[in-house]
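Here is what each chain is made of, one letter per residue.
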Amino acid sequence: MVQINFSLKEVNCKVVYYGPGLSGKTTNLEVVHQKAPKGSVGDLTSIATEGDRTLFFDFLPLNLGQVAGMKTKFQIYTVPGQVYYNSTRKLVLQGADGVVFVADSKKGKMPENLESLENLMENFREYGMDPETTPIVLQYNKRDLPEIYTIEEMDAELNRWNCLTFEAVARDGNGVFPTLKALAGQVLESLNRQHSGGSVAQRRPAAVAVGAGVAAGGGGGQQSAQASPAVSVGQATGRAQPMRATGQAVPMQGGVRVSAKNQSISVAKNKKKNRSKGMLWVMLGFVALAGAGAYLHFSGKLAALLGQ
Amino acid sequence: MVSDSDHLREKRVVFYKEDVEKINEVLIEFLKLSDSKCNILIDKEGHMVTKAGKTGAIDLQSVSALVAGSYAATREMARLLGEDEFSVLFHQGRKDSIQLTLVGDRTILATVFDERTTIGMVRLYAKEASEKLEEIFRAILERPPQEGEDLDKNFGEDAKGALDFFFVD
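Okay, so let's go over this structure. Quantities reported herein were computed from a predicted structural model and do not represent experimental measurements.

## Examining helix 1 (residues 25-35) of chain A
Three or four residues apart is the spacing at which side chains of an α-helix point the same way, because the helix has 3.6 residues per turn.
All names here are of chain A.
Consideration 1: The complete set of buried residues in helix 1 reads Lys25, Asn28, Leu29, Val31 and Val32. Across the axial projection of helix 1, the buried residues extend over an arc of 160°, all falling on one side.
Consideration 2: The inward-facing, buried residues of helix 1 contact strand 2 (10-18), strand 4 (54-67), strand 5 (70-78), strand 6 (98-104), strand 7 (136-141) and helix 5 (176-195).

Okay, structure coming up:
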């Protein structure tokens, strides 16, 4: 949730990078940390395992500078991608003003992308967040690999809300800035709408219905990465079309596809609802374990920051 | 569903100058009474609201994010144990220690102190300060949202310019 502090003359926004394990979320943050103008970003804090896998979150404070007399800041987080860490992932998502979903383009990774996206939706629901109105940008990462899904395939499976999409090779720094710029623009535009007397939330153009794919060609389907992202939600036309930042105009394949993976997640949800006391204790043990690990890291990080 | 989040989302988090002045008064009083080094008030999203005392070289943004994360993890553990919330957290260091006190349902008071005082003193006065701060937040939440200053009408345009300037690929 955006915090507007008129005393400090600050606007603070929270942005979260979501996606499956090893899709490149932390790499995105590392690139932002390296490429951002000097003095505009703070230290990159990682609460990670010994093996450098994110345990709780990575955190990067970014100061955009003065915007209409307000110091505008973004707190950028990544979540742990591994399925195992859903409890901590959910905590990081709380209060997010915008989400970058980093998908892995490598062939064979679609089930993991879908599982993570379903998990995002489940956590959205838990927090009462609406994917239609929350700023979301999709990043299709690892486009340099030899065996990858086509953009059409990625769109068809993952782009359910007409979000802006970006191709990226985060490891080389490509596509990282355009992705974050687009999301930051949407977050600030959303804030601006709320404070200029408009409606609090504005829905994206209606998603393309399953089976009613609309060709986004004819010059209308492409959106340049340089186009101002701040207007992408508010000024998108009523035409249902995929909103693409790079690449060629392609036909939209459809909306949500129900896959075997989705069904397995539904089963998991039902099980969760009906969990027994035994299950609760197993979860408790698991969370206590994860929590204890996180605490050790927290204490260490806090102590370091306090100069201990 | 997390009902309080819905409520807070609707309300939006806006702190006006006069609110923060009142909060600062409470924090400064608490600082003197407890003899602590500094107090930082942080919202649950990890954004700092205000501070009092000597924060020196502390990276306030990072500390705020870690405090919020720490609290979120604790809250989840409390929930699984059947507690509503653990309202106080304490990390002891060799020189400095930090106590985290929940204030209302959406802010955390982080108190950094050293050997000049004791955990008992900090805890005693933190409780008092927390109650006073809750009063202030209650008044803020009950106030109609349309009152008070707002963002400049050029915010949207300026934001686009700032983004173009910042994100030069």
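## Some remarks on the sheet that holds strand 3 (residues 48-53) of chain B
All names here are of chain B.
Consideration 1: The five strands are arranged 3-2-6-5-4 in an open sheet whose pairing can be described as antiparallel. Across the chains shown, the open sheet's two edge strands, defined by having one partner strand only, are strand 3 and strand 4 (88-91). Pairs of neighbouring strands in the sheet enclose a mean axial angle of 15°, with direction left out of account.
Consideration 2: Note that strand 4 and strand 5 (residues 97-103) share four bridges and pair antiparallel.

## What about the pattern of salt bridges?
Consideration 1: Applying the stated criterion to the full structure yields 22 salt bridges over all chains.
Consideration 2: Notably, a salt bridge pairs Lys73 of chain A with Glu10 of chain A, separated by 3.0 Å at the nearest N-O pair. Separated by 63 residues along the polypeptide, Lys73 of chain A in strand 5 and Glu10 of chain A in strand 2 bring together distant segments of the chain. In this pair, the class of Lys73 of chain A matches that of Glu10 of chain A, namely buried.
Consideration 3: A salt bridge links Asp114 of chain B to Arg116 of chain B; its shortest N-O distance comes to 3.2 Å.
Consideration 4: Overall, Asp114 of chain B belongs to the buried group, its relative accessible area being 13%.
Consideration 5: Connected via shared salt-bridge partners are Lys37, Lys95 and Asp96 of chain B.

## Looking at the side chain of Asn141 of chain A
Consideration 1: Within the element layout of this structure, Asn141 of chain A appears in strand 7.
Consideration 2: When neighbours within four sequence positions are excluded, Asn141 of chain A is seen to be in contact with Ser23, Gly24, Val102, Ala103, Asp104, Ser105, Ala168, Val169 and Ala170 of chain A.

## Quick word on the interface of chain A and chain B
Consideration 1: Of the residues lining the interface, 70 residues belong to chain A; the matching set on chain B comes to 63 residues.
Consideration 2: Around 6200 Å² of area is buried between chain A and chain B when both sides are counted, 65% of it from carbon and sulfur atoms.
Consideration 3: For the interface between chain A and chain B, the tally reads one salt bridge.
Consideration 4: With its nearest N and O atoms 2.7 Å apart, the salt bridge here joins Asp164 of chain B to Lys181 of chain A.
Consideration 5: Counting every contact that joins chain A to chain B gives 11 residue pairs in polar contact (both at pLDDT 80 or more).

## What about unusual backbone geometry?
Consideration 1: Of note in this structure, Ala68 of chain A is not a glycine but carries a positive phi near 50°.
Consideration 2: Structurally, the position occupied by Ala68 of chain A is in the loop between strand 4 and strand 5.
Consideration 3: One non-glycine residue with positive phi stands out, namely Asp35 of chain B, at about 60°.
Consideration 4: Along the chain, Asp35 of chain B falls in the loop between helix 2 (17-34) and strand 2 (38-43).

## Remarks on the packing of helix 1 of chain A against helix 5 of chain A
Residue and element names in this part refer to chain A.
Consideration 1: Across the interface, helix 1 lies against helix 5 with an axial gap of 10 Å and an inter-helix angle of 95°. Viewed along their axes, helix 1 and helix 5 adopt a mutual orientation that is roughly perpendicular. Here helix 1 contributes Asn28, Val31, Val32 and Lys35 to the contact with helix 5, which in turn contributes Val176, Phe177 and Leu180.
Consideration 2: Tallied by class, residues from the contact of helix 1 with helix 5 come to five nonpolar, one polar and one charged.

## Some points on the environment of Phe15 of chain B
Consideration 1: Here Phe15 of chain B is to be found in strand 1 (residues 13-15).
Consideration 2: Not counting residues up to four positions away in its chain, the partners in contact with Phe15 of chain B are Gln3, Ile4, Asn5, Phe6 and Ser7 of chain A together with Val20, Val49 and Phe137 of chain B.

## Brief notes about the packing of helix 2 (residues 86-93) of chain A against helix 3 (residues 110-126) of chain A
Residue and element names in this part refer to chain A.
Consideration 1: Interaxial distance between helix 2 and helix 3 falls to 10 Å at its minimum, and their mutual angle equals 55°. Here helix 2 is positioned oblique relative to helix 3, judged by the angle of their axes. Here the hand of the crossing between helix 2 and helix 3 comes out right-handed. On helix 3, the residues that touch Asn86, Arg89, Lys90 and Leu93 of helix 2 are Asn119, Leu120, Asn123, Phe124 and Glu126.
Consideration 2: Here the contact of helix 2 with helix 3 is composed, by residue class, of three nonpolar, three polar and three charged.

## Re a negative patch on the surface
Consideration 1: Taken together, the side chains of Glu18, Glu21, Glu25, Glu149 and Asp150 of chain B define an acidic patch exposed on the protein surface.
Consideration 2: The residue Glu25 of chain B is located in helix 2 in this model.

## Overview of the pairing of strand 6 (residues 107-113) of chain B
All names here are of chain B.
Consideration 1: The element strand 6 is largely enclosed, with a buried count of seven among its seven residues.
Consideration 2: Residue alternation in strand 6 divides its side chains into two sets, Thr107, Leu109, Thr111 and Phe113 and Ile108, Ala110 and Val112, and both sets are buried.
Consideration 3: Pairing geometry for strand 2 and strand 6, over six bridges, is antiparallel. Note on strand 6: the bridge partner recorded for Asn39 is Thr111.
Consideration 4: Note that strand 5 and strand 6 share seven bridges and pair antiparallel. Of the residues in strand 6, the one forming a bridge with Gln99 is Thr111.
Consideration 5: Hairpin remark: strand 5 followed by strand 6, antiparallel, with three residues in the connecting loop; positive phi at Gly104, about 65°.

Reading guide: rules and limits
Counting restarts for each chain, with residues numbered from 1 along the sequence as it is written. All chains are assigned letters beginning at A, and all ligands numbers beginning at 1, according to the order in which they are written. Reporting of local features is limited, given that this is a predicted model, to residues whose pLDDT is at least 70; pairs of side-chain atoms are given and counted only at 80 or more, and all residues count toward the totals for whole chains, interfaces and linings. Side-chain figures throughout are based on the complete set of non-hydrogen atoms in the structure, without hydrogens or water. Burial classification: accessible surface area is computed with a 1.4 Å probe over protein chains only, and a residue below 20% of its type maximum counts as buried, one above 50% as exposed, and the rest as partly exposed. A run of H or I in DSSP counts as a helix once it spans at least four residues, and a run of E counts as a strand once it spans at least two, with each numbered from the N terminus. Relevant arc is that of directions from the helix axis to the C-beta atoms, nothing else. Two residues form a contact once any of their heavy atoms are found within 4.5 Å. Here, a strand pair is defined by DSSP locating no fewer than two bridges between the strands. Here the axes come from fitting lines to C-alpha atoms, over the contacting stretch only for helices, and the angles between their N-to-C directions go from 0 to 180 degrees. Salt bridges are defined as contacts in which a side-chain nitrogen from Lys or Arg sits within 4 Å of a carboxyl oxygen from Asp or Glu. The term buried area refers to how much accessible surface (probe radius 1.4 Å) is lost by two components on association, counted for both of them together. As used in this structure description, the phrase polar contact means that two N or O atoms lie within 3.5 Å; if the pair is within protein, one of them must be able to donate a hydrogen and the other to accept it, and residues adjacent in sequence are counted only when both atoms belong to side chains. Here the angle decides the label: under 35 degrees means roughly parallel, over 145 means roughly antiparallel, 65 to 115 means roughly perpendicular, and every other value means oblique. Throughout, the ten residues Ala, Val, Leu, Ile, Met, Phe, Trp, Tyr, Cys and Pro are labelled nonpolar, Asp, Glu, Lys and Arg are labelled charged, and all others, Gly among them, are labelled polar. Take the far helix as the reference: if the near one is turned anticlockwise from it by less than a right angle, the crossing is left-handed, and if turned clockwise, right-handed. To count toward a patch, a residue needs a relative accessible area above 30% and no salt bridge. Like charges then connect within 9 Å, nonpolar side chains (Val, Leu, Ile, Met, Phe, Trp, Tyr) within 5 Å. Residue exposure ignores everything except the shown protein chains as possible cover, and the areas themselves are Shrake-Rupley values with a 1.4 Å probe. Positive charges are assigned to Lys and Arg, negative charges to Asp and Glu, while His and the chain termini are left out of the count. To locate a charge, take atom NZ for lysine, CZ for arginine, CG for aspartate or CD for glutamate.

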